[in-house]
Amino acid sequence: MEPVIDQAFAAALYSDGDAGLDTGASLLAADPAADAELFRRGEEFVRRAWDRGWQPADVVRIVRRELDETAAGLAAGLIASETGRYERLPPRWRAQLDGLPAAPPRNRPDRFSYATALLGLYRLLLRLPSIEPVGPPPGTSPHGLHLPPAHDEPRMLTRIRALLAKAEATGFPEEAEALTTKAQELMARHSIDEALLAARSHSKEAPGACRIGVDAPYETAKAILLDAVASANRCRAVWNGDLGFSTVVGFEPDLEAVELLYTSLLVQGTVAMTKAEAGQRAGGRKRTKTFRQSFLMAYAQRLGSRLAADTARVTAAAEAGTGAAPGSGSPRSAAPQLLPVLAARDMAVTDTAERMFPETTTTRVRGATDLDGWTHGTAAADRARTGRTGPEIHGRRGSR
């Protein structure tokens, strides 16, 4: 006779309707002896996701997006259990695991509800497409992409993180502007220091990649903002709107800077938008959705040009400077020429991005329709001191 768990899976996982889920959950709820095997098979579904290019944060993000917070917690429990079998994990995984939501208790609030939620999760995991890997799955040797070294965060990034935290917390726009501008300048200098150090030491370091969630609502504007931040920090961002993330390609110090700055600017922009919207409502306006969309589009566009200008200013100063080269104790005459070094790194990033994404398409951006939203968004970007005019957003033509 076919085991109960196989019967449940046959009914629930290979159909689209709720009836199959109900049938499978009923079978499992009536057989407590199947619990251990049910969880073990969930770990196997998670393991298959790693082989398809997914990472812990990616899985939780898509589960939360497609199902709900309960399912995200169930996925987190499976992920924590599955990854516990490895002595070492790929870079970035530890931080992702630390950020997982709490797993709900098993078989709560009752066996049927729990089994229904778990089968719904398994149905989604089973159908995850293959995506471009940004590192090896656990238990395998690194290959293909460069992986960041396992070391403590550089002191410069700690300073940048502190500046951005202060910018998010302050209630004074001028102070936020100064803090964010200083953070971007430090990022640009840190990138230059790393590039020159790699050139002097003849490092074989190659570009890597990471994925950053781009969540609804207003995901187009958020993707434009991320593209602007990536471009200003010598990276390339490729947006997959269907799966809710962008893949950012670049050298490791620049990837870390992009993650930090994008997250901070999104927080600052959301706070500024909420405040501006409250003022609009107080004046009797009700077009909240169009106001927000236009606000964030203007915010992203304006910030891009300012970020690019900040980076260009720091780069020009470093190239024209005299005495010691940035980050070195030697005279500039003994250091590699900066612009050729940066040009070579830019070319390496472009080549890596094109190998990872041989087919991309430019997304037509829907125009902003709310003048007040655009005006307020531009002003907020000026205060945050970061956007790039006319950024291109690239998305895949489907998933493999």
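Every value quoted in this text rests on a predicted model; they were computed, and no experiment measured them.

So, about the packing of aromatic side chains. Scanning all chains against the criterion turns up 7 aromatic pairs. Their ring planes at 70° and their centres at 4.8 Å tell us that W50 and W93 sit as a pair that is edge-to-face. Residue W50 is found in helix α3 (residues 35-51), and its partner W93 is found in helix α6 (residues 93-98); the two are separated by 43 residues along the sequence. Summarising the burial analysis for this pair, W50 and W93 share the class buried. Between F291 and F295, the ring centres sit 6.2 Å apart and the planes meet at 40°, which makes this aromatic pair tilted. Of the two residues, F291 and F295 both sit in helix α12 (residues 288-320), 4 residues apart, roughly one turn of that helix. The two residues F291 and F295 agree in class, both being buried. Three or more aromatic residues link up through ring pairs in this structure, and these residues are F9, F45 and Y122.

For the rest of this paragraph, the subject is the confidence of the model for the protein chain. Summary statistics for the protein chain give a mean pLDDT of 83 and a share of 82% for residues scoring 70 or more. Mean pLDDT values for the elements of the protein chain range from 39 in strand β5 (residues 394-396) up to 97 in helix α5 (residues 69-83). Considering only residues more than four positions removed or in separate chains, one finds that residues 322-334, a stretch of pLDDT under 50, has 21 contacts. In the predicted structure, residues 385-400 sits below a pLDDT of 50 and forms 70 contacts with residues beyond four places in sequence or in another chain.

The next point concerns the packing of helix α1 (residues 4-12) against helix α2 (residues 18-29). The interhelical angle for the contact between α1 and α2, taken along N-to-C directions, is 165°, at an axis separation of 7 Å. Judged by the inter-axis angle, α1 sits roughly antiparallel to α2. Between α1 and α2 lies a crossing whose hand is left-handed. Side by side, α1 and α2 meet where V4, I5, Q7, A8, A11 and A12 of the first sit next to G20, L21, T23, G24, L27 and L28 of the second. Per-class residue counts for the contact of α1 with α2 are 8 nonpolar, 4 polar and no charged.

Analysis parameters
Residues numbered from 1 in each chain as written. Predicted model: local features only at pLDDT ≥ 70, side-chain atom pairs only at ≥ 80, totals over all residues. Heavy atoms only, no water. Phe/Tyr/Trp six-rings, centres within 6.5 Å; stacked < 30°, edge-to-face > 60°. Helix = DSSP H or I, 4+ residues; strand = E, 2+ residues; numbered from the N terminus. Buried < 20%, exposed > 50% of the residue type's maximum accessible area, 1.4 Å probe, protein only. pLDDT = per-residue confidence, 0-100. Contact = heavy atoms within 4.5 Å. Axes fitted to C-alpha atoms, helices over the stretch in contact; angles between N-to-C directions. Parallel < 35°, antiparallel > 145°, perpendicular 65-115°, else oblique. Left-handed = near helix turned anticlockwise from the far one by under 90°. Nonpolar A, V, L, I, M, F, W, Y, C, P; charged D, E, K, R; others polar.

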